[in-house]
Amino acid sequence: MSILKIAIQKEGRLSEKSLGLLNECDITVDQGKRKLIGTSVNYPIEVLFLRDDDIPQYVADGVADIGIVGENEVLEKDKNTTLVKRLGFARCRLSLAVPQDSDYNGLNWFNGKRIATSYPHILQKFLDEKGIKSKIEEISGSVEIAPSIGLAESIFDIVSSGGTLVSNRLKEVEVVTQSEAVIIATPGLSKEKQALLDGLLFRIKTVQQSKGNKYILLNAPNEKLDEIVKLLPGMKSPTVLPLHLKGWSSVHTVVHEKEFWGMVDKLKELGAEGILVIPIEKMIL
Ligand code: PRT
Ligand code: ZN
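What counts and how
Residues numbered from 1 in each chain as written. Chains lettered and ligands numbered in written order. Predicted model: local features only at pLDDT ≥ 70, side-chain atom pairs only at ≥ 80, totals over all residues. Heavy atoms only, no water. Salt bridge = Lys/Arg side-chain N within 4 Å of Asp/Glu carboxyl O. Helix = DSSP H or I, 4+ residues; strand = E, 2+ residues; numbered from the N terminus. Buried < 20%, exposed > 50% of the residue type's maximum accessible area, 1.4 Å probe, protein only. Pairing = 2+ DSSP bridges. Axes fitted to C-alpha atoms, helices over the stretch in contact; angles between N-to-C directions. Contact = heavy atoms within 4.5 Å. Donors = N, O, S within 2.8 Å, 3.2 Å for Na, K, Ca; no water. Tetrahedral: all angles 85-135°; square planar, octahedral: opposite > 155°, others 65-115°. Right-handed = clockwise from strand over helix to strand, strands pointing away. Domains from an automatic or database assignment.

**Considering the pattern of salt bridges**
Next up, step 1: Taken as a whole and judged by the stated rule, the model has 12 salt bridges.
Next up, step 2: Glu24 serves as the salt-bridge partner of Lys211, at 3.4 Å between the closest nitrogen and oxygen. Linking Lys211 in the loop between α6 (191–210) and β13 (213–221) with Glu24 in helix α1 (residues 15–24), this pair joins segments that are 187 residues apart in sequence.
Next up, step 3: Two residues, Glu281 and Lys282, come together in a salt bridge whose shortest N-O distance is 3.0 Å.
Next up, step 4: Taking relative accessible area as the criterion, Glu281 reaches 61% and is therefore assigned exposed.
Next up, step 5: Salt bridges sharing common partners tie together Asp26, Glu281 and Lys282.

**Observations regarding the sheet that holds β13**
Strand pairing in a sheet relies on backbone hydrogen bonds, with the paired strands running either antiparallel or parallel.
Next up, step 1: Taken in spatial order, the 4 strands line up as β14-β15-β13-β16 in an open sheet, and their pairing is antiparallel. In this open sheet, the two edge strands, each paired with only one partner strand, are β14 (239–242) and β16 (273–279). Direction aside, neighbouring strands of the sheet carry axes that sit 20° apart on average.
Next up, step 2: Of the strand pairs in this sheet, β13 and β16 are connected by 5 bridges, and their pairing is antiparallel. Among the inter-strand pairings, Asn219 is bridged to a residue of β16, identified as Glu273.
Next up, step 3: Across the sheet, helix α8 (residues 257–269) lies against β13, β15 (248–256) and β16, angled at about 155° from β15, the strand it touches most.

**Side note on the coordination of the zinc ion (ligand 2)**
Next up, step 1: For the zinc ion (ligand 2), every protein donor is listed as Asp52 (OD) and Asp53 (OD), and the spread of their distances is 1.9 to 2.0 Å.
Next up, step 2: Coordination at the zinc ion (ligand 2) is irregular: its 4 donor atoms span angles of 76 to 173° at the metal.

**Observations concerning the pairing of strand β8 (residues 114–117)**
Next up, step 1: Where β8 and strand β9 (residues 135–138) come together, 4 bridges link them in parallel fashion. By the bridge assignment, Arg114 is partnered in β9 with Lys135.
Next up, step 2: In this view, the connection linking β8 to its parallel neighbour β9 by way of helix α4 (residues 120–130) has right-handed handedness.
Next up, step 3: In terms of strand pairing, β8 meets strand β10 (residues 154–159) through 3 bridges, oriented parallel.

**Some details on the domain arrangement of the chain**
Next up, step 1: Segmenting the chain into domains produces domain 1 (4–89 + 180–209), domain 2 (92–179) and domain 3 (212–279).
Next up, step 2: Between the C-alpha centres of domain 1 and domain 3 there is a distance of 40 Å.

**Re the environment of Leu165**
Next up, step 1: Looking at the element boundaries, Leu165 is found in helix α5 (residues 163–167).
Next up, step 2: Classification of Leu165 as buried rests on a relative accessible area of 8%.
Next up, step 3: Residues Leu165 and Ile145 lie 20 residues apart in sequence; the distance between their C-alpha atoms is 9.5 Å.
Next up, step 4: When sequence neighbours within four positions are dropped, the list of residues in contact with Leu165 reads Ala97, Ile155, Val159, Leu170 and Glu172.

If you want it as structure tokens, here you go:
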């Protein structure tokens, strides 16, 4: 029987969310003692716990069939992998930053300057596209301190809240690319593995669809039913069932929590009572 091998980050910003995503899909991973390989008892999947930098290579080589990794690593390593799905977490951007007191006046400022980064490939591609000639100083960590120790005049690094830049007296001047966690796959997976991947993607879609959606139940006076039903969206249309009490009905539907607070006052004005809001675990459309 075929098994789908998935690479996820062993320890870091992506680890918990990646395992959490599998858990939400009802795929329980037994991490084992050595924590390098995990298996699942309820889905034909094997999990390889790796450094995020290594994931694109492992997937390109087919050692892992798929991987969950930051788009920044996929772009930097530039291996032969297929982007299958954006996951919407670990969002960040890759930006150029300069000292706050510098006379920055546009991209040409970088001509002849040194830029410290852990992402030389993405940076070189950007500079070539813009016709800028800079010297790239490749370092593997603590990029933000490079200007203060005299290693470079500027940096190119991941920015999320911007707090790290501010505390190092730097300012973000150009956003080069955005990034989020993505699923990548080995090109040309076998039919069996592709079917397992499709099954996983279906589960992810189901979990994502249910996020933020609530199941609503309320009692409505029959004479206001039409107006109440008009206020409520539903997967097809709300379900209306008669109550034992004459003249009243029970209305059931699915509403996004963002819409809920906007409609609750109007529902009450129309005479709706006993409004229950219930979380939805899975939603298959
Ligand atoms: O050990 P391993 O190689 O596996 O992990 P790692 O240390 O290389 O990566 P890790 O765990 O730090 O990050 C994994 C991935 O998370 C990255 O490749 C990005 O795709 C994503 N991500 C999202 C981030 C951030 N947000 C982030 N803020 N990665 C790093 N940062 C760092 C950034 O380097 C900078 O130092 O946070 C600082 C900036 O944050 P702000 O909020 O101060 O702007
Ligand atoms: Zn890394």
